[in-house]
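# Topology and contacts: notes
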Amino acid sequence: EGGRLGVISFHSLEDRRVKWIFKQGESEAAKLRKREESAASDGDDGRGRYRVSDAELALMDKGMGLDGIKSAVPLVQDVPAVRLLTKRPIVPCADEVLSNSRSRSAKLRACVRVTC
């Protein structure tokens, strides 16, 4: 609860995977907020974790997104709800790249785990 995660990626494919997983975590957080709001009106505690349907699992097993389109990055099933700390990746400044040329491809993304 409240844990922070920072990921440095050096290749675009790595960064794409991190970005997709973070986006899934953000949508998980939105689902938890929506469940909390509806539970407050229904009298339910709303603490149950979001579960994917069998049809969604079948699409994930085939490497497809929930919309049925082939996904370049497969969905991860148990992604915790997160809030992004960096909207865009943090990249090295020009001075850093001059002093350390290998840093030019580095991208830092960060998030914090949330519970509703």
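Structure shown above.
Residues numbered from 1 in each chain as written. Predicted model: local features only at pLDDT ≥ 70, side-chain atom pairs only at ≥ 80, totals over all residues. Heavy atoms only, no water.

## Here we look at the overall build of the protein
- Along its length, the protein carries 3 helices and 3 strands.
- Of the regular secondary structure in the protein, the N- to C-terminal order runs β-α-α-β-α-β.
- For the protein, the proportion of its 116 residues judged to be buried stands at 24%.
- Intrachain contacts of the protein at a sequence separation of at least 6 include 62% that bridge at least 24 residues.
- Summed over its atoms, the accessible surface of the protein is roughly 8,300 Å², and 52% of this surface lies on carbon and sulfur atoms. (Helix = DSSP H or I, 4+ residues; strand = E, 2+ residues; numbered from the N terminus. Buried < 20%, exposed > 50% of the residue type's maximum accessible area, 1.4 Å probe, protein only. Contact = heavy atoms within 4.5 Å. Areas by Shrake-Rupley, 256 points an atom, 1.4 Å probe, with all protein chains shown as cover.)

## Description of a nonpolar patch on the surface
- A contiguous nonpolar surface patch, about 350 Å² in accessible area, is contributed by Ile8, Phe10, Ile90 and Leu108.
- Among the secondary structure elements, Ile8 is positioned in strand β1 (residues 4-9).
- On the accessibility criterion, Ile8 (52% relative accessible area) is exposed. (Patch = residues over 30% accessible without salt bridge, like charges linked within 9 Å, V, L, I, M, F, W, Y side chains within 5 Å. Salt bridge = Lys/Arg side-chain N within 4 Å of Asp/Glu carboxyl O.)

## Observations regarding the sheet that holds β1
- The strand order β1-β3-β2 describes an open sheet built from 3 strands, whose pairing is antiparallel. Two strands bound the open sheet, and with one partner strand each, they are β1 and β2 (82-84). Across the sheet, the axes of successive neighbouring strands diverge by a mean angle of 30°, strand direction being ignored.
- In terms of strand pairing, β1 meets strand β3 (residues 107-113) through 6 bridges, oriented antiparallel. Along β3, the bridge assignment pairs Ile8 with Leu108. (Pairing = 2+ DSSP bridges. Axes fitted to C-alpha atoms, helices over the stretch in contact; angles between N-to-C directions.)

## Observations concerning the environment of Gly2
- Here Gly2 lies in the segment before β1.
- Looking at Gly2, the relative accessible area reads 41%, which means it is partly exposed.
- Along the primary structure Gly2 and Val82 are separated by 80 residues, whereas in three dimensions their C-alpha atoms are 9.0 Å apart.
- Setting aside anything within four residues of it in sequence, one finds Gly2 in contact with Val112 and Arg113.

## Concerning the pairing of β3
- Across 3 bridges, the pairing between β2 and β3 is antiparallel. Following the sheet pairing, Leu84 is matched in β3 by Cys111.

## Regarding a positive patch on the surface
- A surface patch of positive charge is lined by Arg16, Lys19, Lys23, Lys87 and Arg88.
- Among the structural elements, Lys19 can be located in helix α1 (residues 12-42).
- Residue Lys19 is classed as partly exposed on the basis of its relative accessible area of 37%. (Lys, Arg positive; Asp, Glu negative; His and termini not counted. Charge placed at Lys NZ, Arg CZ, Asp CG, Glu CD.)

## A short note on the side chain of Ser103
- Relative to the assigned elements, Ser103 resides in the loop between α3 (94-99) and β3.
- Judged by relative accessible area, which is 9%, Ser103 ranks as buried.
- There is a polar contact of 2.7 Å between the side chain of Ser103 and the backbone oxygen of Asn100.
- Apart from the residues within four sequence positions on either side, Ser103 is in contact with Pro92, Glu96 and Val97. (Polar contact = N/O pair within 3.5 Å; in protein donor to acceptor, adjacent residues only side chain to side chain.)

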